[in-house]
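# Per-entry structural report
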Amino acid sequence: MVVLSKPAIEHLSKANNCKPTSFFNGVPLIDLSKPDSKNLIVKACEEFGFFKVVNHSVPTEFITKLESEAINFFSSPLSQKEKAGPPDPFGYGNKQIGPNGDLGWVEYIFVATDSEISYHKFSSIFGVNPETIRTAVNDYASAVKKMACEILEMLEEGLKIHPRNVFSKLLMDAKSDSVFRLNHYPPCPEIQQFSGHNLIGFGEHTDPQIISVLRSNNTCGLQMSLKNGHWISVPPDPNSFFINVGDSLQVMTNGRFKSVRHRVLANSVKSRLSTIYFGGPPLRGKIAPLASLMEGEESLYKEFKWFEYKKSAYKTRLADNRLVLFEKIASK
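Let us look at the structure shown here. (Residues numbered from 1 in each chain as written. Predicted model: local features only at pLDDT ≥ 70, side-chain atom pairs only at ≥ 80, totals over all residues. Heavy atoms only, no water.)

## Remarks on the sheet that holds strand E1 (residues 29–31)
Defined as follows: At least two DSSP bridges between two strands are required for those strands to pair. Only DSSP runs of H or I covering at least 4 residues are called helices, and only runs of E covering at least 2 are called strands; the numbering of each starts at the N terminus. Only the stretch in contact is used when a helix axis is fitted, and all axes are lines through C-alpha atoms; the angle between N-to-C directions ranges over 0 to 180 degrees. Contacts were defined at the residue level, with two residues in contact if any of their heavy atoms lie within 4.5 Å.
With respect to topology, 8 strands assemble into an open sheet ordered E1-E2-E10-E7-E12-E5-E4-E3, the strand pairing being mixed. Edge strands, defined here as strands with exactly one partner in the open sheet, are E1 and strand E3 (91–97). On average, each strand axis in the sheet is inclined to that of its neighbour by 25 degrees, with strand direction left out of account. Where E3 lies against strand E4 (residues 102–112), 6 bridges are found, and the strand directions are antiparallel. Residue pairing for E4: Asn94 is matched across the bridge by Glu107. Contacts from helix H5 (residues 130–158) reach strand E2 (50–54), E4, strand E5 (179–185), strand E7 (211–216), strand E10 (241–245) and strand E12 (272–279) within the one sheet, and its direction differs from that of E7 by about 125 degrees.

Spelled out as structure tokens, the structure:
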């Protein structure tokens, strides 16, 4: 993997040579300060499975601090970064995504949001303070979690679900199994040799949790799959957050919301940095279609506990349909 110096990463992060004409301009934009946001969020989840939010409550200083710490870490020599790996599942990873053979043009840090154990691997890396990283991640993740819960409560209100906290309480639970990922996609000049073919930074997949909150620097690469299977390029916007419906939310809404398939393409000249908070339920939390949303319909999914789905998903490849094993088979 290409190893960049700190000035190189900062320079490339500020550049933006993406072609605006290739972007999809229909990404739902939700202003969280507006009174009609709850209905717009429901509509976006039904039609797309993802949307972008502005006027959020995440402090700018938390965003800036985390990005600074990420740049400092990923600018370290590969031999130093590898001291924080391999991921088990937490730690530093390079190119290999998961245990089942998926590869991408990416390096990353993967940590639990409620544990200090994830950071002990960083203690022997020269120039990296594990406590500083931990504080930056925790401050940022706590603020993003608060926003995610506010969004879920808006969803609950828009869907007229009672009690209102049926989604958000799973993230607020002290045993919530939420995780956090920092992805760095170095530039890949060799892309020009692929004769027009894309180089995958992170392969297509859905997120298994309830909700995912993504932010990136001003570098393109993120693509989403629409309902018709067409892939669209999402314009980068470092001042907003992208929200994805996860598999668990798809089940709880009995398929009314669809978890969105997405991927990241590598860039030939620019470095891309992204942060993702994955809001998950407690390991023994029950996931099943909500009776209040069934409206006389048959349940499409079996009831399961989060740890059962997580264990099953861990055995699959990125692009696999993980939910198929938990679907109910219609009687003939």
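## Considerations on the side chain of Gln223
The cut-off we apply is this: Think of it in three bands: residues with accessible area under 20% of the maximum for their type are buried, residues over 50% are exposed, and the middle band is partly exposed, with areas taken using a 1.4 Å probe on protein chains only. Side-chain atoms alone can form a polar contact between residues adjacent in sequence; in general such a contact is a pair of N or O atoms within 3.5 Å, and within protein one must be able to donate a hydrogen while the other accepts it.
Inspection of the secondary structure assignment puts Gln223 in strand E8 (residues 222–225). Overall, Gln223 belongs to the buried group, its relative accessible area being 9%. A distance of 2.8 Å separates polar atoms of two side chains, one belonging to Gln223 and the other to Arg263. Non-local contacts of Gln223, meaning those with residues more than four positions away in its chain, are made with Trp231, Ile232, Ser233, Arg261, His262, Arg263 and Leu265.

## Comments concerning the sheet that holds strand E11 (residues 262–265)
Across the sheet, 4 strands lie side by side as E6-E11-E8-E9; this open sheet has antiparallel pairing. Pairing within the sheet leaves two strands with one partner each, and these edge strands are strand E6 (200–205) and strand E9 (231–233). For this sheet, the mean inter-axis angle between neighbouring strands, taken without regard to orientation, is 25 degrees. The sheet contact formed by E6 and E11 spans 3 bridges and is antiparallel.

## Examining unusual backbone geometry
Note that the residue after Gly85, namely Pro86, is joined by a cis bond; omega there is -5 degrees. When you line up the elements, Pro86 lands in the loop between helix H4 (78–81) and E3. A cis amide bond, omega 0 degrees, links Asp88 with the succeeding residue Pro89. For Pro89, the location among the structural elements is in the loop between H4 and E3. Within the chain, Asn55 stands out as a residue other than glycine whose phi angle is a positive 55 degrees. Checked against the element boundaries, Asn55 lands in the loop between E2 and helix H3 (60–74). Even without a glycine there, the phi angle at Lys95 is positive, about 70 degrees. Looking at where Lys95 falls in the secondary structure, it is placed in strand E3. The exposure class of Lys95 is partly exposed, given its relative accessible area of 32%.

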